[in-house]
Amino acid sequence: ATTEIYTLSLHAALPIWAIVGDAVSFLVVAVVLRLGVRARPAARTTSTKGAPRRAAIRLIRDSTQLRLMTWLRLLSALTILPDAVVVPLVAQLGSPTWVIGPLLAADCVGFIVGAAWVDRLPPQRKSAAMVPLALLSLGALAPFLLLATHVSAHWLVALVAGVLLVVSGVGAAFLPLTTALVSKLAPDGIRGAVVGLERTVLRAGQGLGAVLAGVVAQ
């Protein structure tokens, strides 16, 4: 009985330590930013003072390139779909619970590989790589969803699903390219508002994507 109580207590404590570790990582980033980034005055002009968000919306609306970046980022939010269904998928596969971790990390591994490859591209080829990478990222999700809807309890299904998520992560390396282009196109006075608006589009899209994944999976 003592052993069972200890085991239950250990399992209950593990999520707490995971949350603590996550919180500490944010603290470390805050310290690094505070010590490693030089303070600069805000770039603001009289024409946009007091209304940077409205100016950012107008700029995105009137710029073909910025509209394309916005749509690409919104579409990329669909890559959150697998994360929302991995846990029940592993359960239906009959795989051990440790499989959940590698599947959740698979797209992150792919992103690291893709970002390293993109970083080595010549500057003139980076812009041309954005749309193909976005198509690769989203295209790899189609067979993943097919696997999820025709699931069979076999380890090979989990392996193929993991490979597809890695491929999707490689394609997701287009996201930093869109951020760089948005920062380049936006004027100094409203650059923060434009980048913030683009990030909001991505985060809101990811939330809606997770909800959509749950509804479809159900």
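Residues numbered from 1 in each chain as written. Predicted model: local features only at pLDDT ≥ 70, side-chain atom pairs only at ≥ 80, totals over all residues. Heavy atoms only, no water.

## Describing the overall build of the protein
Inference 1: Helix and strand content of the protein: 10 helices and zero strands.
Inference 2: Reading the secondary structure of the protein in the N-to-C direction produces α-α-α-α-α-α-α-α-α-α.
Inference 3: A buried classification covers 29% of the 218 residues belonging to the protein.
Inference 4: Counting contacts in the protein only where the partners sit at least 6 residues apart, residues at least 24 apart contribute 79% of the total.
Inference 5: Taken as a whole, the protein presents about 14,000 Å² of accessible surface, with 70% of it coming from carbon and sulfur. (Helix = DSSP H or I, 4+ residues; strand = E, 2+ residues; numbered from the N terminus. Buried < 20%, exposed > 50% of the residue type's maximum accessible area, 1.4 Å probe, protein only. Contact = heavy atoms within 4.5 Å. Areas by Shrake-Rupley, 256 points an atom, 1.4 Å probe, with all protein chains shown as cover.)

## A word on the environment of P132
Inference 1: Residue placement: P132 occurs in helix α6 (residues 123-139).
Inference 2: Separated by 42 residues in sequence, P132 and F174 have C-alpha atoms that sit 8.7 Å apart.

## Considerations on helix α9 (residues 174-185)
In an α-helix there are 3.6 residues to a turn, and that puts residues three or four apart on one side.
Inference 1: Taking 1.5 Å of rise per residue, 12 residues should cover 16 Å, and α9 covers 17 Å from first to last C-alpha, within 8% of that figure.
Inference 2: Contacts from the buried residues of α9 go to α3 (64-76), α5 (100-119), α6, α8 (155-171) and α10 (191-217). (Expected span 1.5 Å × (residues − 1).)

## Notes on the side chain of T178
Inference 1: The topology assignment puts T178 in helix α9.
Inference 2: Excluding residues within four positions of it along the chain, T178 makes contact with M69, L72, R73 and M130.

## What to know about the pattern of salt bridges
For side chains bearing opposite charge, pairing can occur when the charged atoms are close.
Inference 1: Summed over all chains, the structure comprises two salt bridges.
Inference 2: With its nearest N and O atoms 3.3 Å apart, the salt bridge here joins D62 to R61. (Salt bridge = Lys/Arg side-chain N within 4 Å of Asp/Glu carboxyl O.)

## Side note on a nonpolar patch on the surface
Inference 1: On the surface, a cluster of nonpolar side chains totalling about 610 Å² of accessible area is made up of L136, W155, L156, L159, V160, V163 and V167.
Inference 2: Considering every element that reaches the nonpolar patch, the biggest residue donor is α8, with six residues.
Inference 3: Relative to the helices and strands, V160 is located in helix α8. (Patch = residues over 30% accessible without salt bridge, like charges linked within 9 Å, V, L, I, M, F, W, Y side chains within 5 Å.)

## A few points about the packing of helix α2 (residues 52-62) against α10
Inference 1: Between α2 and α10, the shortest axis-to-axis distance is 8 Å and the interhelical angle comes to 70 degrees. Comparing their axes, α10 and α2 come out roughly perpendicular. Across the interface between the two elements, P52, R53, A56, I57, L59 and I60 of α2 pack against A193, V194, L197 and E198 of α10.
Inference 2: Partitioned by chemical class, the residues of the contact of α2 with α10 number eight nonpolar, no polar and two charged. (Axes fitted to C-alpha atoms, helices over the stretch in contact; angles between N-to-C directions. Parallel < 35°, antiparallel > 145°, perpendicular 65-115°, else oblique. Nonpolar A, V, L, I, M, F, W, Y, C, P; charged D, E, K, R; others polar.)

## What about the confidence of the model for the protein?
Inference 1: With 86% of its residues at a pLDDT of 70 or more, the protein shows a mean pLDDT of 80.
Inference 2: Between the elements of the protein, mean pLDDT differs from a low of 72, seen in helix α7 (residues 141-149), to a high of 89, seen in α5.
Inference 3: Low pLDDT, under 50, characterises residues 5-10; the stretch is placed with zero contacts to residues that sit more than four places away or in other chains. (pLDDT = per-residue confidence, 0-100.)

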